[in-house]
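# Examining the three-dimensional arrangement
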Amino acid sequence: MLLNVDNIYVSYGDFQALHGISFHVNEGEIVALLGSNGAGKTTTLKTVSGQLIQSKGSISFNGEDISQMPIYDRVKRGVIQVPEGRRLFPYLTIEENLIAGSFLKTNRMNRKENMERCYAMFPKLAERRKQQAGTLSGGEQQMVAIARGLMSNPKLLMLDEPSLGLAPIIVEGIFETIQNISRQGVTILLVEQNVSFSLEVASRIYVIESGENAMSGTGEEMRNNADLQKTYLGI
């Protein structure tokens, strides 16, 4: 078990966003968190990455309690989040954005190797490495965002809505990339609205509803679960 989230409660002021969420991610898995808008999926990722601190419950990573650990210490341990909306530096080039993803000393040592790995995975980025990120298409920007995350040598790569706003043909390529990253040994925690693709690529699924665990199972079990499709995901 690489990540264990145990009964966490998280609030935004007086609003209780998470009510005892629990799940785990084993090393080498792709685990997906599914649910409707406002269910608490992004809040869960932000809590794992340290942007939010839970009021109750605990989070352990690689056997170590990181519940109260600041973001930069979680990053040092390999907990990396690719945020919703990509959040690139639009006036920096592709290459400069990738360099920004390797700011830690340990990552700077592997910067050249990791950059070559990212360019091999995304040949379009190699061709346009000197182009400003803000001038790229949505799909190309998502490639940069994922590559920037990989520059940090993640042990756990958390992807928040990687297909958001992208054309279907681009979405298919993004999900192929996610599978390729997994095959290279990176554990992935995925938050995604594209249910059909998520059910295909994830080894296990957790459904969150109104900040609580609603159901869970393997990708195959969830594909055949009528309650999941009808009640929670509107299929």
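You'll find the structure just up there.
Residues numbered from 1 in each chain as written. Predicted model: local features only at pLDDT ≥ 70, side-chain atom pairs only at ≥ 80, totals over all residues. Heavy atoms only, no water.

## Here's the deal with the environment of Asn180
- Note on placement: Asn180 falls in helix H8 (residues 168-183).
- A C-alpha to C-alpha distance of 8.7 Å links Asn180 and Met121, two positions 59 residues apart in sequence. (Helix = DSSP H or I, 4+ residues; strand = E, 2+ residues; numbered from the N terminus.)

## Examining helix H5 (residues 111-121)
- Among all positions of H5, only Asn114, Met115, Cys118, Tyr119 and Met121 are buried. For H5, the buried positions fall inside an angular range of 160° around the axis, keeping them on one side. When the buried face of H5 is taken as reference, the exposed residues oriented beyond 90 degrees from it are Lys112, Glu113 and Ala120. (Buried < 20%, exposed > 50% of the residue type's maximum accessible area, 1.4 Å probe, protein only. Arc of directions from axis to C-beta.)

## Description of the sheet that holds strand S6 (residues 79-82)
- The mixed open sheet is built from six strands, whose spatial order is S6-S7-S8-S3-S9-S10. Looking at the sheet topology across the chains shown, the edges are occupied by S6 and strand S10 (212-218). Across the sheet, the mean angle from the axis of one strand to that of its neighbour is 20°, orientation sign disregarded.
- Sheet topology note: the strand S3 (residues 30-34)/strand S9 (residues 204-209) ladder contains four bridges and is parallel. (Pairing = 2+ DSSP bridges. Axes fitted to C-alpha atoms, helices over the stretch in contact; angles between N-to-C directions.)

## Focus: helix H7 (residues 138-150)
- Here H7 is 13 residues long and its end C-alpha atoms lie 19 Å apart, about the 18 Å a rise of 1.5 Å per residue gives.
- Most of H7 is tucked away: 12 of the 13 residues are buried.
- Along H7, the positions that sit buried rather than exposed are Gly139, Glu140, Gln141, Gln142, Met143, Val144, Ala145, Ile146, Ala147, Arg148, Gly149 and Leu150.
- Buried residues along H7 sit in contact with S6, helix H3 (94-100), H5, helix H6 (123-127), strand S7 (156-160) and H8. (Expected span 1.5 Å × (residues − 1). Contact = heavy atoms within 4.5 Å.)

## As for the packing of aromatic side chains
- By the definition in use, this model includes two aromatic pairs.
- Both rings, one in Phe23 and one in Tyr206, keep their centres 5.7 Å apart while their planes meet at 55°; by these two values the pair is tilted. Pair noted here: Phe23 is in strand S2 (residues 15-25) and Tyr206 is in strand S9, with a separation of 183 residues, a long-range link. (Phe/Tyr/Trp six-rings, centres within 6.5 Å; stacked < 30°, edge-to-face > 60°.)

## Section: the layout of surface pockets
- In this model, the largest pocket occupies a volume close to 580 Å³.
- Along the wall of the largest pocket there are 22 residues; nearest its centre are Gln51, Gln81, Val82, Pro83 and Arg148.
- Looking at the lining of the largest pocket, the elements with two or more residues in it are helix H1 (41-49), helix H2 (71-76), S6 and H7.
- Among the elements that make up the lining of the largest pocket, the one with the highest residue count is S6 (four residues).
- Of the residues contributing to the lining of the largest pocket, the split by class is 10 nonpolar, seven polar and five charged.
- Taken as a whole, the second largest pocket spans an internal volume of roughly 230 Å³.
- Listing elements by their share of the lining of the second largest pocket, those giving two or more residues are S2 and H1.
- Considering every element that reaches the lining of the second largest pocket, the biggest residue donor is S2, with four residues. (1 Å grid on protein atoms, 1.4 Å probe; cavity = no way out; pocket = protein on both sides within 12 Å on 5 of 7 lines; lining within 4 Å. Points joined across faces, edges and corners; volume = space filled by probe spheres on them. Nonpolar A, V, L, I, M, F, W, Y, C, P; charged D, E, K, R; others polar.)

## Regarding the sheet that holds strand S1 (residues 3-12)
- Taken together, four strands build an open sheet; the order of strands is S2-S1-S4-S5 and the sheet is antiparallel. Edge strands, defined here as strands with exactly one partner in the open sheet, are S2 and strand S5 (64-65).
- Judged from the eight bridges that link them, S1 and S2 form a sheet pairing that is antiparallel. Pairing of Leu3 across the sheet is with Val25, part of S2.

## Here we look at the packing of H7 against H8
- Orientation of H7 relative to H8, taken along the N-to-C sense of each, is 15°, at an axis distance of 10 Å. Overall, the two elements H7 and H8 adopt an arrangement that is roughly parallel. Relative to H8, the crossing made by H7 is right-handed. Only Ile170, Ile174 and Ile181 of H8 make contact with H7, whose side of the interface consists of Gly139, Gln142, Ile146 and Leu150.
- In terms of residue class, the contact of H7 with H8 is built from five nonpolar, two polar and no charged. (Parallel < 35°, antiparallel > 145°, perpendicular 65-115°, else oblique. Left-handed = near helix turned anticlockwise from the far one by under 90°.)

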